[in-house]
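# Summary of the model geometry
Each chain is listed here by its residues.
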Amino acid sequence: MSTESSGSQADAPCYQDETNCLVNEGDAVNGFRSLVTPVYRASTVVFPTVEAYQNRQQDLLNGYWYGLYGTPTTRALEQRLSAIEGANHTILTPSGMAAIALITLAEVKPGQRVLFPDNVYDAVRFFAANYLQQMGITPQFYDPMAGGQIEDLLTEDVALVWVESPGSISLEVQDVPAIVSAARSRGIPIAADNTWATAMRFKPLHHGVHYSMNSASKYISGHSDVVIGAISVRDKELYTRLRQSARSLGYGVAADVASLVIRGLETLSVRLDQSERSALDLARWLTEHEAIETVLHPAFEGHEGHAVWKRDFLGATGVFSMVLAPWAEPFVARAVESLKLIKIGASWGGTHSVIAVYNGLPNRTVAPWSRKGAILRLSIGLENVDDLKKDLSAALSLLIPRR
Ligand SMILES: *Cc1c(COP(=O)(O)O)cnc(C)c1O
């Protein structure tokens, strides 16, 4: 049996992204067929013959031999994600953070260096300081706006460059093609945390990135009820290395979780369209408010990396931030706590709107955050936009000191 899954995909009809989120080529079971990928639960996988059992490990990539290494349900989700990413292979991981760790540990060895943008997802900093450093791997942070100037940092010992665009709190858009070109010319692989955009809005692999990684806990699953990650690649060798590393580390995903993600993926396109539209409407409206110093949204002229966003992205999503005027500081907590519809929470990309509050970005090291006011990061869900405006309007009025 061939282990090359890209072969069959090359023969498949070519659809647009919205369709690829839905295509299900599942097999009929005893003549039964539905539109839904079944939940194939398994720890033990059974074999028809002694020979099949003894050779079970030959097909690590696509075969089935232990629930931890894949079931038809996880493979079906991997295939759909590959289709929207323009990838040949996708591997699911127990979380987005697990995906970041897997890529990094598969690529970087002790004595080598890995580059992260200074606006990187915060848990990565913890992984870098408490894990990579102890292994003798040097994490190095760089200015997310470095673009092609990243080449100054690309010494012989750099084994991997991470990009995260836009950053999930400060929203700077990185010049990924410029970074890719600098790294590729030195043979250094690039990994993208594409969680904000998803492949519906930005396609890292089309821009020469080697690993496109998502926390599918966010938009892809989309209902705030599962934790899961995914990594998509074009290259068979990278894929093999990821599968082997995942096996060594004991990473796997339950069919039940994959099934919920398949269900969420079917509405990804309409959810993103709606969240994008409402978020843009709210972001424009918020710029008028006297307590708001600036609204950070990639679609705004003057936003850091706006031109790059227009050039490279297919659109926006529903996550953006605002920086409050420093004088509003004493009233931030009472204003945010007064919100009724919008809940306080960090994990975004669901159907419900959530807000997170940051007192600056003190962990940044090479590109310090200079704005003084509190940062409010919003993830706009699927509520009616006028209801969201009313909720925000009442809360923001509490930021203004009574005269
Ligand atoms: C949430 C998130 C992660 C981590 O994903 P988990 O699934 O929560 O482990 C990584 N990167 C970004 C940008 C995220 O928002």
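Here the structure is shown first, and the text comes after it.
Anyway, here's the lowdown on the structure attached to this text. Just so it is clear, the model here is predicted, and its values are computed rather than measured. (Residues numbered from 1 in each chain as written. Predicted model: local features only at pLDDT ≥ 70, side-chain atom pairs only at ≥ 80, totals over all residues. Heavy atoms only, no water.)

### Examining unusual backbone geometry
Cis geometry marks the peptide bond from S165 to P166; its omega dihedral reads -10°. Mapped onto the elements, P166 comes out in the loop between β4 (158–164) and α7 (176–184). Phi is positive for T198, close to 60°, though the residue is something other than glycine. Structurally, the position occupied by T198 is in the loop between β5 (190–193) and β6 (211–215). Residue classification places T198 among the buried residues on the basis of a relative accessible area of 1%. (Helix = DSSP H or I, 4+ residues; strand = E, 2+ residues; numbered from the N terminus. Buried < 20%, exposed > 50% of the residue type's maximum accessible area, 1.4 Å probe, protein only.)

### Considerations on the sheet that holds strand β2 (residues 113–117)
Paired through backbone hydrogen bonds, the strands of a sheet run either parallel or antiparallel to each other. Pairing is mixed across the open sheet formed by seven strands, whose spatial order is β1-β7-β6-β5-β4-β2-β3. The strands lining the two open edges of the sheet, one partner per strand, are β1 (89–93) and β3 (138–142). Strand after strand, the sheet turns through a mean of 20° between neighbouring axes, direction not considered. The pairing of β5 with β6 spans three bridges and is classified as parallel. The partner of D193 across the bridge, within β6, is M213. Across the sheet, helix α6 (residues 122–132) touches β2 and β3, and the angle it forms with β2 is around 160°. (Pairing = 2+ DSSP bridges. Axes fitted to C-alpha atoms, helices over the stretch in contact; angles between N-to-C directions. Contact = heavy atoms within 4.5 Å.)

### Quick look at the packing of aromatic side chains
Applying the stated criterion across every chain, the model contains eight aromatic pairs. Centroid distance Y66 to Y69: 5.6 Å. Interplanar angle 70°. Geometry classified as edge-to-face. Assessed through its relative accessible area of 37%, Y66 is described here as partly exposed. Ring centres of F202 and F313 lie 4.5 Å apart, and the angle between their planes is 15°; this geometry places the pair in the stacked category. With a gap of 111 residues between them, F202 in the loop between β5 and β6 and F313 in the loop between α11 (306–312) and β9 (319–324) connect regions that are remote in the sequence. A residue is classified by how much of its surface remains accessible, and F202, at 3% relative accessible area, is buried. Connected via pairs of aromatic rings, a cluster forms that spans W65, Y66 and Y69. One residue, R125, lies across the ring of F141, its end atom 4.3 Å from the ring centre. Looking at K218, its charged tip hangs above the ring of W348, at a distance of 5.0 Å from the centre. (Phe/Tyr/Trp six-rings, centres within 6.5 Å; stacked < 30°, edge-to-face > 60°. Lys NZ or Arg CZ within 6 Å of the ring centre and 35° of its normal.)

### Considering α7
Within the sequence span of α7, burial applies to V176, I179, V180, A182 and A183. The buried residues of α7 occupy an angular sector of 165° when the element is viewed end-on, so they sit on one face. Against β3, β4 and β5 lie the buried residues of α7. (Arc of directions from axis to C-beta.)

### Looking at the sheet that holds strand β8 (residues 292–296)
Reading across the sheet, the five strands line up as β8-β9-β12-β11-β10 and stay open at both edges, with mixed pairing between neighbours. Where the open sheet ends on each side, the last strands, each with one partner, are β8 and β10 (343–344). As judged from the four bridges shared by β8 and β9, these two strands associate in the antiparallel manner. Bridge pairing in β9 places V295 opposite M322.

### As for the layout of surface pockets
A water-sized probe, rolled over the atoms, reveals where empty space remains. Put simply, the second largest pocket is a space of about 600 Å³. Y121, D122, A123, S168 and I169 are, among the 35 residues lining the second largest pocket, the residues nearest its centre. The set of elements that each furnish at least two residues to the lining of the second largest pocket consists of α5 (96–107), α6 and β6. Considering only residue class, the lining of the second largest pocket consists of 15 nonpolar, twelve polar and eight charged. (1 Å grid on protein atoms, 1.4 Å probe; cavity = no way out; pocket = protein on both sides within 12 Å on 5 of 7 lines; lining within 4 Å. Points joined across faces, edges and corners; volume = space filled by probe spheres on them. Nonpolar A, V, L, I, M, F, W, Y, C, P; charged D, E, K, R; others polar.)

### Considering empty space enclosed by the protein
Across all of its chains, the model carries four cavities of 30 Å³ or more by this definition. Approximately 150 Å³ is the volume found for the largest cavity. Forming the walls of the largest cavity are 16 residues, and the residues nearest its centre are L68, Y69, R243, Y251 and G252. Those elements that place two or more of their residues in the lining of the largest cavity are α4 (72–85), β1 and α8 (236–249). By volume, the second largest cavity is sized at about 50 Å³. Lining of the second largest cavity is provided by M322, L324, V332, A335, V336, L339, I355, L376, L392, A395, L396 and L399. Counting only elements with at least two residues in the lining of the second largest cavity, the list comes to β9, α12 (332–337) and α13 (385–397). Looking at the lining of the second largest cavity, its residues break down into twelve nonpolar, no polar and no charged.

### Focus on the site of the ligand
Taken together, the neighbourhood of the ligand is formed by 14 residues, with G96, M97, D193, S217 and K218 sitting nearest. The contact in question runs from a nitrogen atom of the ligand to an N or O atom on the side chain of D193, over 2.6 Å. Cavity membership is defined here by more than half of the atoms lying within 2 Å of grid points; on that basis the ligand lies in the second largest pocket. The residue inventory of the shell around the ligand, partitioned by class, reads six nonpolar, five polar and three charged. (Near = heavy atom within 4 Å. Polar contact = N/O pair within 3.5 Å; in protein donor to acceptor, adjacent residues only side chain to side chain. Sits in = over half its atoms within 2 Å of the grid points.)

### Some details on helix α10 (residues 268–286)
One full turn of an α-helix is made of 3.6 residues, so residues set three or four places apart face in the same direction. Its 19 residues place the ends of α10 26 Å apart at the C-alpha level, agreeing with the 27 Å of an ideal helix rising 1.5 Å per residue. Looking only at α10, the buried set comprises L268, S269, R271, L272, S275, E276, S278, A279, L280, L282, A283 and L286. (Expected span 1.5 Å × (residues − 1).)

### So, the side chain of H303
On the secondary structure map, H303 appears in the loop between β8 and α11. With relative accessibility at 10%, the residue H303 sits in the buried group. Residues in contact with H303, not counting those within four places in the same chain, are S170, L171, E172, V173, L296, H297 and P298.

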